Amino acid sequence: MKRFFKWLGLSLLALIVGLIAPVGYVELACRPAGQAASYTAMLPAEHHRAEGRTLLTYPEWHIVHAYDDYAQVIRSGDPHDYRFLPSIGGFWTSLCSLSKASEPHGGFPAEFKQTIYTIGVSFTAELLAKALYEETIGRIATALRGNTRAPLDDLSAQQATQYSQFLRQVPWYRWDFATDAAALDDAATAVFRDRERRFALGIEYGVKAKYAQVIAAAVANMEPDALRLRMIVSGLSATDLSAYEGVQVIDDRGSQGIEIDTPRYRALTELLFQMAQAGGEFVEIAGNDDILFSMTSDEPTFENALYSFERQGYSDTRHLVLLPVSKLAIALRGIDGRVNRLEHIHDY
């Protein structure tokens, strides 16, 4: 028994060290380089957001994209077809690239960096556990099933797609995992693959439901992040701008442009793209003069991309592009929607 507990303790220690090792790697090997750039903002200080946050928002979106990739893979394939380790590696290597580029943009705000590390470790642990199961028991279950998909293969793929779409605008812990688990129970047949899926995914959904309750309780008393931001736009009239859904015109600043108030997150991406196509130019966003956006492309490389990552299930590549706010509209007008496709504009 002593030997058993010794090896158990060593295994747990190795697991913990393995999970936090990427944090040490980012801290030690991916230190920011360059000099902090000076910029005098036009917007009032109360509407400024730290510019480094445009870089730190991507790792969270990497997780959103990973769930989308996974859903795409299992639409016609099986969970073991998804490459779990490259997805984990993509989180940490992208964070490394962003960390190195952060110095001219004020670096990473410490409190937000700790949050990114926490969700990165959680993401790593989740995918490692899922990989361990799907590459062993899950793979055996699909071999016994044969080429004909079971009902829960299709249902779980639908659930994965709905979940990935939900994450684009809403925090993960608000998803109703219990309803998904109940749907598995209702749709399961007597075939072995369905029983295996109901067991495995039922446990996964149950654990996530409990963890979601913990996270929801932890953030209940925290001040929620702002859902809107200010920016200055030129090239469009106040009447033009007020016609966009969710946009409020604040002030006409003459030669500087027009100050507006807009929603954030996914809605902001769509608004900025529409404004650029209509001839709008972006002068300043949330008191900042640089911004990050991601795009997908049929080309494996993109000039001046901070980081590029092959998407699973799509046969294309994601590129992260950091550029001045003043050049954002030109870049958006250059995205043709065929070879290159806008994915997300990362605000602050």
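Residues numbered from 1 in each chain as written. Predicted model: local features only at pLDDT ≥ 70, side-chain atom pairs only at ≥ 80, totals over all residues. Heavy atoms only, no water.

**Focus on the overall build of the protein**
Test applied: Numbering goes from the N terminus for both helices and strands, where a helix is a DSSP run of H or I of at least four residues and a strand is a run of E of at least two. The atom set for the radius of gyration is the C-alpha atoms, and the globule formula is 2.2 Å times the number of residues raised to the power 0.38. For every residue, the accessible area (1.4 Å probe, protein chains only) is compared with the maximum for its type, and the residue is labelled buried under 20%, exposed over 50%, or partly exposed between those bounds. Two residues qualify as a contact provided that any one of their heavy atoms is within 4.5 Å of a heavy atom in the partner residue. Within this scheme the basic residues Lys and Arg register as positive and the acidic residues Asp and Glu register as negative, but His and the chain ends are omitted. We put the charge of a Lys on NZ, of an Arg on CZ, of an Asp on CG and of a Glu on CD.
The number of helices and strands found in the protein is ten helices and eight strands. Computed over the C-alpha atoms, the radius of gyration of the protein is 22 Å, within 12% of the 20 Å expected from 2.2 N^0.38 for a compact globule of 348 residues. A total of 348 residues make up the protein; the buried ones form 44% of that total. Of the contacts formed within the protein by residues at least 6 apart in sequence, a portion of 78% connects residues at least 24 apart. Within the protein, one finds 33 positive and 43 negative side-chain charges whose respective centroids are separated by 8 Å.

**So, the packing of helix α5 (residues 151-166) against helix α6 (residues 177-187)**
Any two packed helices are characterised by the angle at which their axes cross and by the distance between the axes. Keep this limit in mind: Note on geometry: axes are lines fitted to C-alpha atoms, helical ones only across the stretch in contact, with angles between N-to-C directions running from 0 to 180 degrees. Convention used here: angles under 35 degrees read as roughly parallel, angles over 145 as roughly antiparallel, angles from 65 to 115 as roughly perpendicular, and any remaining angle as oblique. Note: crossing handedness is left-handed where the near helix turns anticlockwise from the far helix by less than a right angle, and right-handed where it turns clockwise.
Packing of α5 against α6 leaves a shortest axis separation of 10 Å and a crossing angle of 160°. It follows from the interaxial angle that α5 and α6 lie roughly antiparallel. Taken as a pair, α5 and α6 cross one another with a handedness that is right-handed. Residues Pro 151, Leu 152, Leu 155, Gln 159 and Tyr 163 of α5 touch α6, and the partners they reach there are Phe 177, Asp 180, Ala 183, Leu 184 and Ala 187.

**A look at the environment of Pro 79**
On the secondary structure map, Pro 79 appears in the loop between α2 (53-76) and α3 (84-100). The spacing of Pro 79 and Ala 157 is 78 residues in sequence and 9.5 Å in space, taken between C-alpha atoms. With residues up to four places along the chain from it excluded, the contact list for Pro 79 reads Tyr 70, Ile 74, Phe 84, Glu 134, Arg 193 and Arg 197.

**With respect to the packing of aromatic side chains**
Here is the rule we go by: Between rings of Phe, Tyr and Trp, where Trp is taken as its six-membered ring, a pair exists when centres lie within 6.5 Å; planes separated by under 30 degrees are stacked, by over 60 edge-to-face, and by other angles tilted. For a ring to carry a charge above it, either NZ of a lysine or CZ of an arginine must fall within 6 Å of the ring centroid while also lying within 35 degrees of the normal to the ring plane.
For the coordinates displayed, the defined rule picks out 14 aromatic pairs. An angle of 80° between the planes, with centres 5.1 Å apart, marks the rings of Tyr 82 and Phe 84 as edge-to-face. Residue class for Tyr 82 comes out buried when judged on its relative accessible area of 3%. For Phe 84, a relative accessible area of 4% corresponds to the buried category. Sitting above the plane of the Phe 112 ring, Arg 53 keeps its charged end 3.8 Å from the centroid.

**A closer look at the pattern of salt bridges**
This is how the line gets drawn: A carboxyl oxygen of Asp or Glu within 4 Å of a side-chain nitrogen of Lys or Arg is what we treat as a salt bridge.
Under the counting rule described, the total for this entry stands at 25 salt bridges. Linking Arg 230 and Glu 259 is a salt bridge whose minimum nitrogen-to-oxygen distance equals 2.7 Å. Here Arg 230 is found in strand β1 (residues 228-234), whereas its partner Glu 259 is found in strand β3 (residues 258-263), with 29 residues between them in sequence. Take Arg 230 and Glu 259: they sit in the same class, and that class is buried. Among the charged side chains, a salt-bridge network with shared partners connects Asp 78, Glu 134, Arg 145, Asp 153, Arg 193, Glu 196 and Arg 197.

**Comments concerning the sheet that holds β3**
Put simply, the rule reads: What makes two strands pair is DSSP finding at least two bridges between them.
Strand order across the open sheet formed by four strands is β2-β3-β1-β4, with antiparallel pairing between neighbours. Each having just a single partner strand, β2 (248-252) and β4 (281-285) make up the two edges of the open sheet. Here the strands of the sheet are splayed against their neighbours by 35° on average, with no regard to which way each runs. The sheet contact formed by β2 and β3 spans four bridges and is antiparallel. Residue Val 249 lies in a different strand from β3, and its bridge partner there is Ile 260. Across the face of the sheet, helix α9 (residues 265-277) comes into contact with β1, β3 and β4 while running at roughly 140° to β3.

**What to know about the sheet that holds strand β6 (residues 307-310)**
Here four strands make up an open sheet; going across it, the order is β6-β7-β5-β8 and the pairing antiparallel. The sheet is open, and its two borders are formed by β6 and β8 (340-346), each paired with just one other strand. Each strand axis lies, on average, 25° off the axis of its neighbour in the sheet, ignoring direction. Here six bridges tie strand β5 (residues 290-297) to β8, and the two strands are oriented antiparallel to one another. Paired with Met 295 across the two strands is Leu 342, which belongs to β8. Lying over the sheet, α3 contacts β5, β6 and β7 (317-324), oriented at roughly 170° with respect to β6.

**Here we look at the side chain of Asp 180**
Assignment of secondary structure puts Asp 180 in helix α6. Buried charge Asp 180 goes without a salt bridge, the closest partner of opposite sign being Lys 208 at 8.6 Å. Ignoring any residue separated from it by four or fewer positions in sequence, one finds Asp 180 in contact with Gln 159, Trp 175 and Tyr 205.

**Here we look at a nonpolar patch on the surface**
Worth spelling out the cut-off: Each patch groups residues whose relative accessible area exceeds 30% and which form no salt bridge, using 9 Å between like charges and 5 Å between nonpolar side chains of Val, Leu, Ile, Met, Phe, Trp and Tyr. Only the protein chains shown count as cover for residues, with accessible areas throughout obtained via the Shrake-Rupley method and a probe of 1.4 Å.
Nonpolar side chains collect at one region of the surface, where Ile 140, Leu 144 and Phe 192 lie side by side and expose about 340 Å² of accessible area between them. Within the fold, Leu 144 resides in helix α4 (residues 110-145).

**Considerations on unusual backbone geometry**
Phi is positive for Ala 286, close to 55°, though the residue is something other than glycine. Phi is positive for Asn 304, which is not a glycine, with a value near 65°. Considering the arrangement of structural elements, one finds Asn 304 in the loop between β5 and β6. Judged by its relative accessible area of 64%, Asn 304 falls in the exposed class.

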